[in-house]
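Descriptive structure summary
Spelled out, the chains give:
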Amino acid sequence: MNQKQSAISSLDFTGFEKTHTLRSIFQVAVNLGLPLAVWRAPHQKEVNLMVSFSSAQEVERPDLETSEKGFIFSPFDPKSSATLFIKSDFHVSFDFDEIIQHEDLTSEENALQAKFFMQLKQQFQKPEEKLKYHVKDQDIKGADLDYKDLVQLGVEAIKNNEFQKVVPARSKAISLNVDFDLITKYLQLCDAYANAFVSIVSMPETGTWLGATPELLLEVNHSQFKTVALAGTQRRDIAKPISDTAWTQKEIEEQALVSRYIINCFKKIRLREYEEKGPKTIIAGNLLHLKTEFEVNMKETNFPELGTVMLELLHPTSAIAGMPKEAALNFIQQHEGFDRSFYSGFLGPVQNDQKTSIFVNLRCMQLLENSAILYAGAGVTEDSVSEKEFEETEMKFNTLLNILNSQS
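Let me sum up the structure you'll find in this document. Fair warning: this is a prediction, and the values are worked out from it, not measured in the lab. (Residues numbered from 1 in each chain as written. Predicted model: local features only at pLDDT ≥ 70, side-chain atom pairs only at ≥ 80, totals over all residues. Heavy atoms only, no water.)

Some words on the overall build of the protein chain
Spelled out, the test is: Put simply, DSSP marks the helices as runs of H or I at least four residues long and the strands as runs of E at least two long, and each gets a number from the N terminus on. We take the radius of gyration over the C-alpha atoms and set the globule estimate at 2.2 Å times the residue count to the 0.38 power. The contact rule is simple, with two residues in contact once any of their heavy atoms fall within 4.5 Å. Methods summary: accessible areas were calculated by the Shrake-Rupley approach with a probe of 1.4 Å, and residue burial reflects only the protein chains presented.
Assigned secondary structure in the protein chain consists of nine helices and 20 strands. A globule of 408 residues ought to have a C-alpha radius of gyration of about 22 Å, and the protein chain, at 21 Å, matches this closely. Long-range contacts, defined here as pairs at least 24 residues apart, represent 73% of the contacts in the protein chain between residues at least 6 apart. Entry remark: accessible area of the protein chain is about 18,000 Å², with carbon and sulfur atoms responsible for 46%.

This is how it looks when you write it as structure tokens:
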């Protein structure tokens, strides 16, 4: 057994309350200024925690096929700040009943690693304390326009044939309760939103982001490629079966535009062999959406680099920007009035057991010292009503607010 395997094997996770293991590893990484990511995939029980023993790497053009194992975190606008990659130096996954897997360290033994494991052993024996996380100052400047006015401006631009759809966003600053605990709230999000990708990304360069997104951007699993069109939003009535859901023409058209956008991306690379399933109604916490799935066999189509090519073509999708893309992005840049930062960017594990799963960073917030910034947007088409689009963003804020405000 080599030195780094010995370091891992000597850690004993047994006997701790279920949040203590996650909190201990998280705290030591933050204390040492290390980047880390925590995630739970949709419909899974396992929580993963990944730490890098070096700063996050800036990535100009992600190459999913040749990438080493890690976690990617990209802003809405890659021109405004860099896409970052957290290299997997330490990875542990567990379901709180048992540790599922310890990952061998991928970098050479160094003083920082030794300090990490030494502090981790000490942290396990300490009583629980208030969790610290990486914080980066963020300008909370709001838009110059009221959101309802912004929506109306978008409708008028569509009627003037400037574009077919635009997705303006808004932000909301909130105060955090004095007893706010990031790990407790994270686990509550996991319990509440089984079909979401629930994550924490925390590093000195970005601060700390918490989210529960329903939207897969792309997945590459061995030779299978998958992406989805997710659009159209309404409040979920738990007393009503999903099969009874009725969608308006505006919502159906909004979702169709996102599907058309994906198909147009396939056409650009002359890919004709794909399977399309949907649209169907899906549950996303307190909301319902329309979803269409697209799948490609990369072996049969002889397109092994499809994941990397489609990532560059898809982001930002029409579900978070609009269509046509450039015209919608110009409108957002001119009128939205705030920096989206990593909201509506993308994130997810890369080359984890030969699988890459990247999600759109929706239903998320950035954590500050005693406050947080929530983000949400709504798809605007010619038939949009300003009041309804405003209400949609409020419903999306509630994905996180319902958990933040809960007492349990």
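Quick notes on the pattern of salt bridges
Let me state the cut-off plainly: For this analysis, a salt bridge means a side-chain nitrogen from Lys or Arg found within 4 Å of a carboxyl oxygen belonging to Asp or Glu. When a residue's accessible area, from a 1.4 Å probe over protein chains only, is under 20% of the maximum for its type it is buried; when over 50% it is exposed; and in between it is partly exposed.
As enumerated under the stated definition, the model contains 17 salt bridges in all. Of the charged contacts, one joins K148 and E387 as a salt bridge, the two residues approaching to 2.8 Å between their closest N and O atoms. Here the residue K148 occupies a position in helix α4 (residues 147–159), and E387 occupies one in helix α9 (residues 386–404), the gap between them amounting to 239 residues. Between E254 and K165 there is a salt bridge, with the nearest N and O atoms lying 3.9 Å from each other. In this pair, E254 sits in helix α6 (residues 249–268) while K165 sits in strand β8 (residues 165–166), placing the two residues 89 residues apart along the sequence. Here E254 and K165 have matching classes, each one buried. Connected through salt bridges with shared partners, the residues K165, K250, E254 and E389 form a single ionic network.

Digging into the state of the cysteines
By definition, a disulfide is the covalent link that joins the sulfur atoms of two cysteine residues. Just so we agree on the cut-off: Here, two cysteine sulfur atoms that lie within 2.5 Å of each other are counted as a disulfide.
Per the counting criterion, the structure on display carries zero disulfides. Unpaired in terms of disulfides, C190 finds its nearest cysteine sulfur in C364, a separation of 16 Å.

Considering the nonpolar core
Selection rule: Side-chain atoms within 4.5 Å link the members of a nonpolar core, which is a set of buried Ala, Val, Leu, Ile, Met, Phe, Trp, Tyr and Cys residues.
F71, F225, F266, L306 and I358 are the most contacted members of the largest nonpolar core, which totals 61 residues. In terms of residue count, the dominant contributor to this core is α6 (seven residues). If sequence neighbours within four positions are ignored, F225 has contacts with L218, E219, V220, F266, F294, E295, V296, M298, L306, G307 and M310. Residues L49, F124, L187 and I403 belong to the second largest nonpolar core, which totals 48 residues.

What to know about the sheet that holds strand β18 (residues 355–360)
Short version of the rule: Any two strands are treated as partners once DSSP identifies two or more bridges connecting them. With axes taken as lines fitted to C-alpha atoms, and helix axes fitted only over the stretch in contact, angles between N-to-C directions fall between 0 and 180 degrees.
The nine strands lie next to each other as β3-β5-β4-β17-β18-β12-β13-β15-β14, forming an open sheet whose pairing is antiparallel. Taken across any chain shown, the strands that pair with only one partner, and hence form the sheet edges, are β3 (57–59) and β14 (275–284). Each strand axis lies, on average, 20° off the axis of its neighbour in the sheet, ignoring direction. Where strand β4 (residues 70–74) lies against strand β5 (residues 83–87), four bridges are found, and the strand directions are antiparallel. Note that in β5 the partner of I72 across the bridge is F85.

Quick word on the pairing of strand β10 (residues 197–203)
Strand residues, when the strand is regular, have side chains that alternate between the two faces of the sheet. Extensive coverage of β10 is indicated by the burial of seven of its seven residues. Neither face of β10 is exposed, since F197, S199, V201 and M203 on one face and V198, I200 and S202 on the opposite face are all buried. Pairing of strand β1 (residues 36–40) with β10, which is carried by five bridges, proceeds in the antiparallel orientation. Note that in β10 the partner of V38 across the bridge is I200.

Things to note about the packing of aromatic side chains
The condition that has to hold: Two rings from Phe, Tyr or Trp (for Trp, the six-membered ring) form a pair when their centres sit within 6.5 Å of each other. Planes less than 30 degrees apart are called stacked, planes more than 60 degrees apart edge-to-face, and all others tilted.
A complete count under the given rule lists 17 aromatic pairs for this structure. Between F53 and F116 the ring centres are 5.1 Å apart and the planes differ by 70°, which places this aromatic pair in the edge-to-face class. Of this pair, F53 sits in the loop between β2 (47–51) and β3 while F116 sits in helix α3 (residues 111–125); the two residues are 63 residues apart in sequence, bridging distant segments of the chain. With respect to class, F53 is no different from F116; both count as buried.

Section: the environment of F225
Tracing the sequence through the fold places F225 in strand β13 (residues 224–235). According to the relative accessible area criterion, F225 is buried, its value standing at 1%. Separated by 99 residues in the primary sequence, F225 and P324 have C-alpha atoms spaced 24 Å apart.

Thoughts on α3
Operational definition: The length a helix should cover is 1.5 Å for every residue beyond the first. Note that the arc is defined by the directions from the helix axis to the C-beta atoms.
Helix length check: α3 (15 residues) gives 22 Å between terminal C-alpha atoms against 21 Å at 1.5 Å per residue, within 8%. Of all the positions in α3, only Q113, F116, F117, L120, Q123 and F124 are classed as buried. End-on, the buried residues of α3 take up no more than an arc of 125°, which puts them together on one face. Looking at α3, the residues exposed on the side facing more than 90 degrees away from the buried face are A111 and Q125.

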